[in-house]
Amino acid sequence: NREIETRCCAYLSQRGIAPIFYGRFLNGRIEEFYEGAVTLQHDTMLKVPSNATQIGEWMGNLHRLDPPEEGGVTKTEKGVGECWEKMDGWFDLA
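Student: What should I look at first to understand the overall build of the chain in this one?
Tutor: Helix and strand content of the chain: 4 helices and 2 strands. When the helices and strands of the chain are placed in sequence order, the string is α-β-β-α-α-α. Out of the 94 residues belonging to the chain, those deemed buried represent 15%. Within the chain, residue pairs in contact and separated by at least 24 positions form 39% of the contacts whose partners lie at least 6 positions apart. Working note: accessible area of the chain is about 7500 Å², and carbon and sulfur atoms make up 59% of it.

Structure representation (structure tokens):
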């Protein structure tokens, strides 16, 4: 759901966990660009222990958030997280 995804990105940006969120357009959004940023690969994380420490700290920050339920940040129209709705759909297909 692009609408919920956009609200989540904006929420995380406001709390300094995601890139700056500048706005959205019909089927996308504009966010801050990190010049020279490279996505960490699994082997890179293992070679540099400080990477794992930083990832753990950021994940802790993320999990300490208490996002508002209104506006669809944590719930969908059905009242549950979209992740669970998608997984239920996958089980139905299996």
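Student: Is there a simple way to think about the environment of R15 in this case?
Tutor: Residue position: R15 is located in the loop between α1 (2-14) and β1 (21-25). Overall, R15 belongs to the partly exposed group, its relative accessible area being 41%. For the pair R15 and L62, spaced 47 residues apart in sequence, the C-alpha to C-alpha distance is 9.4 Å. At a separation of 3.0 Å, a polar atom in the side chain of R15 contacts the side chain of Q14.

Student: Looking at this structure, how should I read α1?
Tutor: A turn of α-helix holds 3.6 residues, and therefore any two residues three or four places apart point the same way. The first and last C-alpha atoms of α1 sit 18 Å apart over 13 residues, in line with the 18 Å expected at 1.5 Å per residue. At the exit of α1 stands G16, carrying a positive phi of roughly 75°.

Student: Help me understand a nonpolar patch on the surface in this model?
Tutor: Side chains of I20, Y22, F25, L26 and I30 sit close together on the surface and give an oily, nonpolar patch of about 590 Å² of accessible area. Examined against the element boundaries, L26 turns out to sit in the loop between β1 and β2 (28-31). L26 sits in the exposed class, given a relative accessible area of 81%.

Student: Where do I start with the pattern of salt bridges in this structure?
Tutor: Any two side chains of opposite charge can pair, so long as their charged atoms come close to each other. Within the structure shown, the criterion is met by 2 salt bridges. Of the charged contacts in the structure, one is a salt bridge between R29 and E5, with a shortest N-O distance of 2.7 Å. One end of the pair, R29, is in strand β2; the other, E5, is in helix α1, and 24 residues separate them in sequence. On the basis of relative accessible area, R29 is assigned to the partly exposed category, the value being 25%.

Student: What exactly am I supposed to notice about the side chain of T6 here?
Tutor: Relative to the assigned elements, T6 resides in helix α1. Those residues in contact with T6, other than ones at most four positions away along the chain, are F21 and R24.

Student: Looking at this model, I keep getting lost on the pairing of β2. Mind explaining?
Tutor: Side-chain positions along a regular strand alternate between the two faces of the sheet. Where β1 lies against β2, 4 bridges are found, and the strand directions are antiparallel. By the bridge assignment, R24 is partnered in β2 with R29. Where β1 folds back on β2, the antiparallel hairpin that results is connected by 2 residues.

Student: Just to check I follow, could you spell out the side chain of S13 for this structure?
Tutor: Relative to the helices and strands, S13 is located in helix α1. Ignoring sequence-local partners within four residues, the contact set of S13 consists of A18, P19, I20 and F21.

Parameters at a glance
Residues numbered from 1 in each chain as written. Predicted model: local features only at pLDDT ≥ 70, side-chain atom pairs only at ≥ 80, totals over all residues. Heavy atoms only, no water. Helix = DSSP H or I, 4+ residues; strand = E, 2+ residues; numbered from the N terminus. Buried < 20%, exposed > 50% of the residue type's maximum accessible area, 1.4 Å probe, protein only. Contact = heavy atoms within 4.5 Å. Areas by Shrake-Rupley, 256 points an atom, 1.4 Å probe, with all protein chains shown as cover. Polar contact = N/O pair within 3.5 Å; in protein donor to acceptor, adjacent residues only side chain to side chain. Expected span 1.5 Å × (residues − 1). Patch = residues over 30% accessible without salt bridge, like charges linked within 9 Å, V, L, I, M, F, W, Y side chains within 5 Å. Salt bridge = Lys/Arg side-chain N within 4 Å of Asp/Glu carboxyl O. Pairing = 2+ DSSP bridges.

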